[in-house]
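One-letter residues, chain by chain:
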Amino acid sequence: PPHEILHTAGIVPVMTEHFSALLATKQVVAPHLDRADEAGYPRLACSFHRTMIGYSLADEELMIPPPDLLIVANFCDSGSKGFLPVAEHFRVPHYFLDLPLYHGGRDAEESRAAVEYLKSQFEELLKWVEGFTKTPVEADQLRESISLAGQAIHLWGEISKLRTRVPCPMGVVDEAGTLYPLMQLLGTPTAVGFYQMLLQEVQARAEAGVGVIDQERRRLLWLGPIINYDTSLLNYFEESGVVVVKSDSDLLYTQDLDPDRPLESLAEKYVYDNYFSVLSVRLEKTRQLIQNYQVDGVVLYSHLGCRHYCGGQKAVRDMIAREYGLPILELSGDLADFRGYDSQQARDQVDRFIERLG
C-alpha cells in the first residue's frame, strides 16, 4: 500500500510481508505456519501470507498491537485473499487496492488509463482514511510527504549508482538490511536522514576504492527475493572472491515523484515500476541491471509460494542466456518456512556454480 498517504494521515503502517520476513529471520515462524495449516490454508500459498494469518489467529500477546484497519493491494496472488481471515478475526475495516498492470509505452493510451485508474483509487483511499481518522489531510501535507518520499528515493538511486563501480562498495548483504525505510518509512524525514547517512558512507567507500571484499574477482546479480533465514548464503559467495552486487528487490523504488502531482506521480510509481509487472517490463529492467552493474553471472531465486514471480523465471533465464551468455545459478525454496531447507545443499550448488565462473 502507499505508505506516503498513510504517514501523511498519521497512520503507522506495518507491511505484513516485511514483518513475516522478520519472523523468518528470527526462525520463529513454524508455530504460525502450523496454525495456518490447521485452519485449512493451502501450503502452496505464499508463506509470508500464511505466517501473517497464523500470527493473527494466535490469540496471544503479539509483538505488534492488533491492527485498526487493513489496506491491501493485489501485488501477489495469495495476498489478494490472505488478508480476509485477518480482517474477519480482528473485525476491522479494510480497503482493497486494485493495481493495474503496465504493458509498456508510458505515453500509450492504455498506460495513461492505468495511471488514472489507480490515481482515482488513491483519491478514494485518502477520503476513506480521513473518514477513519476524523482528520482531514491538507494539500500541503500531502505534497510534503511526496517530497520527502521523492528525496529518499533519489538518495537510494545515488547509492545504487555508486554500487555499479568496481570494486562494489555495497553489496546485496547490506542492501537487504537497508531497504526497510523504502518499504516502511517513505514520506517521513526519518527515511531521508537514513539515506543521507548511508550515501555518505557508500560514497566514502567508493572514492577510497574500498569494496565489499579485498579481492573482487566476480560480480553477480541476484534476481528474486532474499532468503531471509539464511542471508549468510550471500556471504558464502564472498569467501571465493565473488560479490553479489545487486538484486531486483528495489524496482518499486526507482520512480521519481512530483510533489506538484502527488497522487498522479504516486500512481505512476506503482504502475511503471511494479516489481510484479508484466513480463516485457521485467525483462527490460533485468537487461538494465545486467548492463549497469557489469555482472559476470546471475542467481535466479524462485520463491515457490509466489507463482506470479516464478512463472516468468524461465523467460528471464532464456533471455539472459540468449542475449548475454552469462552463467546462471537457479535456486528455489521458501522465503519464510525454513523447514526442509538444506543449507549445505545450497552451498554445494554455489560451489559448483563458482567453479563454472572460473
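Residues numbered from 1 in each chain as written. Predicted model: local features only at pLDDT ≥ 70, side-chain atom pairs only at ≥ 80, totals over all residues. Heavy atoms only, no water.

Glancing now at the overall build of the chain. Check the secondary structure of the chain and you find 17 helices and 6 strands. The principal-axis extent of the C-alpha atoms belonging to the chain is close to 60 × 50 × 40 Å. Out of the 358 residues belonging to the chain, those deemed buried represent 55%. Taking as baseline every contact in the chain between residues at least 6 positions apart, the subset at least 24 positions apart corresponds to 78%. Of the accessible surface of the chain, which amounts to about 16100 Å², a share of 51% is contributed by carbon and sulfur atoms. Distance from the positive charge centre (33 side chains) to the negative charge centre (51 side chains) of the chain: 4 Å. (Helix = DSSP H or I, 4+ residues; strand = E, 2+ residues; numbered from the N terminus. Buried < 20%, exposed > 50% of the residue type's maximum accessible area, 1.4 Å probe, protein only. Contact = heavy atoms within 4.5 Å. Areas by Shrake-Rupley, 256 points an atom, 1.4 Å probe, with all protein chains shown as cover. Lys, Arg positive; Asp, Glu negative; His and termini not counted. Charge placed at Lys NZ, Arg CZ, Asp CG, Glu CD.)

A word on the pattern of salt bridges. Using the criterion set out here, one finds 23 salt bridges in the structure. Arg-261 is the salt-bridge partner of Asp-258, the closest N and O atoms lying 3.2 Å from each other. We classify Asp-258 as partly exposed; its relative accessible area is 24%. Ionic pairing is found between Arg-339 and Asp-337, a salt bridge with its closest N-O pair at 2.8 Å. Linked through salt bridges whose partners overlap, the residues forming this network are Arg-112, Asp-258, Arg-261, Glu-264 and Glu-268. (Salt bridge = Lys/Arg side-chain N within 4 Å of Asp/Glu carboxyl O.)

Geometry of a packed helix pair, given as the angle between the helix axes and the separation of the axes. Close contact between helix H7 (residues 109-133) and helix H13 (residues 262-272) brings their axes to 8 Å; oriented N to C, the two are set at 120°. With respect to their mutual orientation, H7 and H13 come out oblique. Along this stretch, H7 crosses H13, giving a crossing that reads as right-handed. Together, Ser-111, Arg-112, Ala-114, Val-115, Glu-116, Leu-118, Lys-119, Phe-122 and Glu-123 of H7 and Leu-263, Glu-264, Leu-266, Ala-267, Glu-268, Tyr-270, Val-271 and Tyr-272 of H13 make up the contact between the two elements. Of the residues assigned to the contact of H7 with H13, the class counts are 10 nonpolar, 1 polar and 6 charged. (Axes fitted to C-alpha atoms, helices over the stretch in contact; angles between N-to-C directions. Parallel < 35°, antiparallel > 145°, perpendicular 65-115°, else oblique. Left-handed = near helix turned anticlockwise from the far one by under 90°. Nonpolar A, V, L, I, M, F, W, Y, C, P; charged D, E, K, R; others polar.)

The next subject is the packing of helix H8 (residues 139-162) against helix H11 (residues 189-207). As a packed pair, H8 and H11 sit with axes 9 Å apart at the nearest point and diverge in direction by 15°. Judged on the interaxial angle alone, H11 and H8 are roughly parallel. The handedness of the crossing between H8 and H11 comes out as left-handed. Counted together, Leu-148, Gln-151, Ala-152, Leu-155, Trp-156, Glu-158, Ile-159 and Leu-162 of H8 and Pro-189, Ala-191, Val-192, Tyr-195, Gln-196, Leu-198, Leu-199, Val-202, Gln-203 and Ala-206 of H11 form the full contact between these two elements. Looking at the contact of H8 with H11 residue by residue, the class counts come to 14 nonpolar, 3 polar and 1 charged.

We now examine the confidence of the model for the chain. Any residue range with low pLDDT should be treated as having predicted coordinates unsuitable for detailed reading. Here the chain shows a mean pLDDT of 91. Residues at 70 or above account for 97%. Across the chain, element-level confidence peaks in H11 with a mean pLDDT of 98 and bottoms out in helix H5 (residues 79-82) with 76. (pLDDT = per-residue confidence, 0-100.)

Burial analysis of strand S4 (residues 242-247) places 6 of its 6 residues in the buried class, the great majority of the element. As defined by bridge partners, strand S3 (residues 218-223) adjoins S4 across 5 bridges and the pair is classed as parallel. Across the sheet, the residue bridging to Leu-220 is Val-244, located in S4. Handedness of the crossover joining S3 and S4 through helix H12 (residues 232-238): right-handed. (Pairing = 2+ DSSP bridges. Right-handed = clockwise from strand over helix to strand, strands pointing away.)

Residue placement: His-303 occurs in strand S5 (residues 297-303). Residue His-303 is classed as buried on the basis of its relative accessible area, which comes to 4%. Between the C-alpha atom of His-303 and that of Asp-334, which follows or precedes it by 31 residues, the distance is 5.1 Å. If sequence neighbours within four positions are ignored, His-303 has contacts with Cys-46, Ser-47, Pro-225, Cys-310, Gly-333, Asp-334 and Leu-335. Of the polar contacts made by the side chain of His-303, one reaches the backbone nitrogen of Leu-335; its length is 3.4 Å. (Polar contact = N/O pair within 3.5 Å; in protein donor to acceptor, adjacent residues only side chain to side chain.)

For the rest of this paragraph, the subject is the sheet that holds S4. Read from one edge to the other, the open sheet built from 4 strands follows the order S4-S3-S5-S6, with strand pairing classed as parallel. Two strands in the sheet have a free side with no partner beyond their single neighbour: S4 and strand S6 (328-333). Pairs of neighbouring strands in the sheet enclose a mean axial angle of 25°, with direction left out of account. As paired strands, S3 and S5 are joined by 4 bridges and run parallel to one another. Residue Trp-222 lies in a different strand from S5, and its bridge partner there is Val-299.

Below, the discussion takes up the nonpolar core. In this structure, Phe-122, Trp-156, Ile-159, Leu-182, Tyr-195 and Tyr-270 are the most contacted members of the largest nonpolar core, which totals 55 residues. Among the elements of the structure, helix H1 (3-8), strand S1 (70-73), strand S2 (94-97), H7, H8, helix H10 (180-184), H11 and H13 are those that each provide at least two residues to this core. A total of 10 residues in this core trace back to one element, the largest contributor, which is H8. In this structure, Tyr-55, Leu-234, Val-242 and Val-244 belong to the second largest nonpolar core, which totals 32 residues. (Core = buried A, V, L, I, M, F, W, Y, C linked by side-chain atoms within 4.5 Å.)

Of the pockets and cavities examined, the second largest pocket occupies roughly 530 Å³. The wall of the second largest pocket is formed by 21 residues, among which Gly-157, Ser-160, Lys-161, Thr-254 and Asn-292 lie closest to the centre. Within the residue set of the lining of the second largest pocket, elements represented by two or more residues are H8 and helix H14 (279-292). A per-element tally of the lining of the second largest pocket places H8 first, with 6 residues. For the lining of the second largest pocket, the residue count by class is 5 nonpolar, 8 polar and 8 charged. (1 Å grid on protein atoms, 1.4 Å probe; cavity = no way out; pocket = protein on both sides within 12 Å on 5 of 7 lines; lining within 4 Å. Points joined across faces, edges and corners; volume = space filled by probe spheres on them.)

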